[in-house]
Amino acid sequence: MDFLSIIPGVDWPALPNARGCQLLALQFQLDRSQWLPAVEIERQQARLAERLYRHAILHVPYYRATYAAAGFRPGSIRSIDDWLRLPILRRGDLQARFEDLQCRVKEHGEVSLSMTTGSSGMPTRTVGTAVTRILWHALTLRHHLWNNRDFSGKLATIRALRERDKTGRIEEREPSWGSATADILRTGPLVALDIHTSVDEQAAWLVREDPDYLLTYPSIAVELIQYMDRNGLRLPRLRELRTFGELLDPRLRELCQRNWGVPVVDGYSSQEVGYIAQQCPETEQYHVQAESVLVEVLDDEGRPCQPGATGRVVVTTLHNFAMPLIRYEIGDYAEVGDKCPCGRGLPVLRRIVGRQRNLAVLPDGRTVWPCLSDRLTSGASLSGLPPIRQYQVTQIEPDAVEVKAVAARPLTEVEEDGVRALVADAFGWPMRVELKYVERIERGPGGKFEEYRCHLAPDVVDRLQRLRKSNHERTAVLSGASQAAG
Ligand SMILES: [Zn+2]
């Protein structure tokens with residue numbers, strides 16, 4: 001590796017600048033903390049969480065008011081059971097109470113604002129500090145090392161960019177990979193293209209750039225792989241596809257390996273929280289970045305899920321004292337994993353299952369994540385039907401969906417039956433299908449694409465879930481009675 005030194009002539013070993021030294025010092029610790037036994041990691045996290053709680057209840061108006069109203073005082077958190085009674089913070093609170101969620105005492109260096117536009121179009125703002133920024137970069141560096149990346153390579157990314165160049169196309173070019181490495185070592189260049197470009201532009205750009213690494217959303221990668229396959233385009237230097245920002249369909253891994261001959265490495269992060277979990281270098285599951293974030297996966301009753309169970313993801317940013325997010329329900333569901341065979345003690349999420357808004361609620365109250373990209377790799381998915389190029393499915397009634405389709409021509413009756421069968425299969429319910437032909441389907445505000453969205457009103461969802469719960473209780477009573485009888 002080509003390390004940077006601030007002292008001319010002293011380059012082996014090299015002496016990086018002050019920030020580079022801080023990053024390497026963090027790296028030295030993160031390299032060790034990942035191997036600690038799970039109980040020790042849990043103990044450290046509980047200590048940090050209690051400290052953050054105490055800071056928040058004393059110095060952050062939102063928590064002072066909310067926690068006091070719920071009967072909490074500064075010394076109230078003494079056990080996991082106390083923690084589990086703490087009110088959940090929701091996205092709506094984050095948007096509506098932005099000012100009150102900020103700490104009145106400034107510490108941890110200069111603050112920076114970050115903003116995302118969610119699928120609802122309503123922005124979510126959060127504030128970070130010098131501490132959260134350097135931790136983000138240290139965790140980025142650890143993930144580079146986990147994957148043994150060649151720092152001299154060219155990194156290409158297709159994502160939402162901010163500034164348009166004169167031609168109207170959005171493109172960026174940097175001499176190095178960015179702040180995680182810039183103060184430590186010399187890297188290859190970083191090239192970026194905006195996500196709103198078309199797939200043929202993206203493919204032509206990639207072929208021209210010929211990168212070693214590609215970082216983008218899974219939906220972009222699927223389109224690119226299929227497009228490049230159809231057009232006989234290749235990326236001879238590519239070593240790894242890195243994905244983020246959307247749910248990763250496991251079939252993308254297979255598609256990528258088969259077409260591009262490289263593995264997919266996925267990350268789970270959010271603008272508000274930073275890194276949540278990163279893919280293990282030896283398995284396809286995810287390690288919670290426990291030195292920075294506490295992740296709880298909760299069942300319907302708010303109890304922690306056991307390995308193998310799926311629940312709501314609730315996160316606490318352990319080091320953000322400027323705008324603490326404590327028990328923030330991020331809107332995702334994940335499956336808890338068991339101890340990882342790689343030996344790391346970092347908690348495991350076996351998979352990220354989906355976002356709340358991508359959940360379907362069936363007429364009997366059951367919830368499912370419709371897997372529409374089913375058979376993605378065999379070409380038998382919705383878009384694989386002859387005339388459909390792109391589609392988006394929206395649940396509009398408990399038993400009905402709207403399918404927006406970009407199609408070369410209207411479907412025949414047989415093809416329409418095929419769509420209905422695929423939808424019924426994906427939902428596990430004979431949904432009514434309203435087919436609607438459109439010119440194009442736009443990506444969401446952040447550039448993310450959702451092939452399925454639930455547009456049921458919250459009161460409809462509540463009613464269906466109450467129905468399911470009462471059915472459940474009835475079944476439980478019946479099975480209890482039959483056991484007693486047996
Ligand atoms: Zn692992």
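Residues numbered from 1 in each chain as written. Predicted model: local features only at pLDDT ≥ 70, side-chain atom pairs only at ≥ 80, totals over all residues. Heavy atoms only, no water.

Draft legend 1. A look at the overall build of the protein. Per the secondary structure count, the protein includes 11 helices and 20 strands. The globule rule puts the C-alpha radius of gyration for 486 residues at 23 Å, and the 24 Å found for the protein is close to it. Seen through its principal axes, the protein has C-alpha atoms that stretch 75 × 65 × 45 Å. Burial statistics for the protein: of 486 residues in total, 48% are counted as buried. Long-range contacts, defined here as pairs at least 24 residues apart, represent 65% of the contacts in the protein between residues at least 6 apart. Considering the protein, the positive charge centre built from 62 side chains and the negative charge centre built from 63 side chains are found 3 Å apart. (Helix = DSSP H or I, 4+ residues; strand = E, 2+ residues; numbered from the N terminus. Rg over C-alpha atoms; globule rule 2.2 N^0.38 Å. Buried < 20%, exposed > 50% of the residue type's maximum accessible area, 1.4 Å probe, protein only. Contact = heavy atoms within 4.5 Å. Lys, Arg positive; Asp, Glu negative; His and termini not counted. Charge placed at Lys NZ, Arg CZ, Asp CG, Glu CD.)

Draft legend 2. The arrangement of the sheet that holds strand 17 (residues 388-397) in detail. Within the open sheet, the four strands sit side by side as 19-18-17-20. Their pairing is mixed. The open sheet has two edge strands, strand 19 (432-437) and strand 20 (452-454), and neither has a second partner. Averaged over all neighbouring strand pairs, the angle between strand axes comes to 20°, with direction disregarded. As paired elements, strand 17 and strand 18 (residues 400-407) share eight bridges and run antiparallel to each other. Bridge pairing links Tyr 391 to Ala 405 in strand 18. Where helix 10 (residues 413-427) meets the sheet, it contacts strand 17, strand 18, strand 19 and strand 20, and its direction lies at approximately 125° from that of strand 19. (Pairing = 2+ DSSP bridges. Axes fitted to C-alpha atoms, helices over the stretch in contact; angles between N-to-C directions.)

Draft legend 3. Up close: the sheet that holds strand 9 (residues 274-279). With respect to topology, 12 strands assemble into an open sheet ordered 4-5-3-6-7-8-9-10-14-13-12-11, the strand pairing being mixed. The open sheet has two edge strands with one neighbour each: strand 4 (171-174) and strand 11 (293-298). Going across the sheet, the axis of each strand differs from the next one's by a mean of 35°, ignoring polarity. For strand 13 (residues 328-336) and strand 14 (residues 348-355), the ladder comprises five bridges, and the chain directions are antiparallel. Considered in strand 14, the bridge of Ala 334 is made with Ile 352. Across the sheet, helix 6 (residues 130-146) touches strand 7 (240-243), strand 8 (264-270), strand 9 and strand 10 (286-288), and the angle it forms with strand 9 is around 10°.

Draft legend 4. Up close: helix 9 (residues 250-260). Those residues of helix 9 that sit buried are Arg 251, Leu 252, Arg 253, Leu 255, Cys 256 and Trp 260. Among the structural elements, strand 6 (213-216), helix 8 (218-230), strand 7, strand 8, strand 9 and strand 10 are those in contact with the buried residues of helix 9. Where helix 9 begins, the side chain of Asp 249 points an oxygen toward the backbone nitrogen of Arg 251, at a separation of 2.8 Å. At the C-terminal side of helix 9, Gly 261 shows a positive phi close to 70°. (Polar contact = N/O pair within 3.5 Å; in protein donor to acceptor, adjacent residues only side chain to side chain.)

Draft legend 5. Seen up close, the pattern of salt bridges. For the coordinates displayed, the defined rule picks out 30 salt bridges. Where Glu 272 meets Arg 91, a salt bridge forms, and the shortest distance between an N and an O atom there is 3.4 Å. Here Glu 272, found in the loop between strand 8 and strand 9, pairs with Arg 91, found in helix 5 (residues 91-96); they are 181 residues apart in sequence, far enough to count as distant. Glu 272 gets classed as buried once you look at its relative accessible area, which sits at 11%. A salt bridge links Asp 150 to Arg 239; the nearest nitrogen and oxygen atoms lie 3.0 Å apart. (Salt bridge = Lys/Arg side-chain N within 4 Å of Asp/Glu carboxyl O.)

Draft legend 6. Quick look at the environment of Gly 428. Summarising the element assignment, Gly 428 is placed in the loop between helix 10 and strand 19. Since its relative accessible area comes to 47%, Gly 428 is described here as partly exposed. Sequence-wise, Gly 428 and Leu 362 are 66 residues apart; in three dimensions their C-alpha atoms are separated by 8.8 Å.

Draft legend 7. Representation of the coordination of the zinc ion. Taken together, Cys 280 (SG), His 287 (NE2), Cys 340 (SG) and Cys 342 (SG) make up the full set of protein donors to the zinc ion, lying 2.1 to 2.3 Å away. For the zinc ion, the four donor atoms in the first shell make angles of 103 to 114° at the metal, a pattern classed as tetrahedral. Counting along the primary sequence, the residues that act as donors to the zinc ion give the motif C-x6-H-x52-C-x1-C. With His 287 in strand 10 and Cys 340 in the loop between strand 13 and strand 14, the pair connects residues that are 53 residues apart, well separated along the chain. (Donors = N, O, S within 2.8 Å, 3.2 Å for Na, K, Ca; no water. Tetrahedral: all angles 85-135°; square planar, octahedral: opposite > 155°, others 65-115°.)

Draft legend 8. Structural detail: the packing of helix 2 (residues 38-59) against helix 3 (residues 61-69). Closest axis-to-axis distance for the helix 2/helix 3 pair is 5 Å, and the angle between their directions is 95°. The angle between the axes of helix 2 and helix 3 places the two elements in the roughly perpendicular class. Counting all contacts with helix 2, which are made through Tyr 53, Ala 56, Ile 57, Leu 58 and His 59, the residues of helix 3 involved are Pro 61, Tyr 63, Arg 64 and Tyr 67. (Parallel < 35°, antiparallel > 145°, perpendicular 65-115°, else oblique.)

Draft legend 9. Layout of unusual backbone geometry. Residue Pro 13 is reached from Trp 12 by a cis peptide bond, and omega for that bond is 0°. Within the fold, Pro 13 resides in the segment before helix 1 (18-33). We note that His 108 has phi near 65°; this positive angle belongs to a residue other than glycine. When you line up the elements, His 108 lands in the loop between helix 5 and strand 1 (112-117).

Draft legend 10. Layout of the nonpolar core. Counting residues in each nonpolar core, the largest one holds 77 residues, and the members touching the most others are Tyr 63, Leu 214, Leu 224, Trp 260, Tyr 268 and Leu 349. Judged by nonpolar contacts, the second largest core, of 23 residues, contains Leu 362, Leu 372, Val 393 and Val 433. (Core = buried A, V, L, I, M, F, W, Y, C linked by side-chain atoms within 4.5 Å.)

That is the geometry; function is a separate question.
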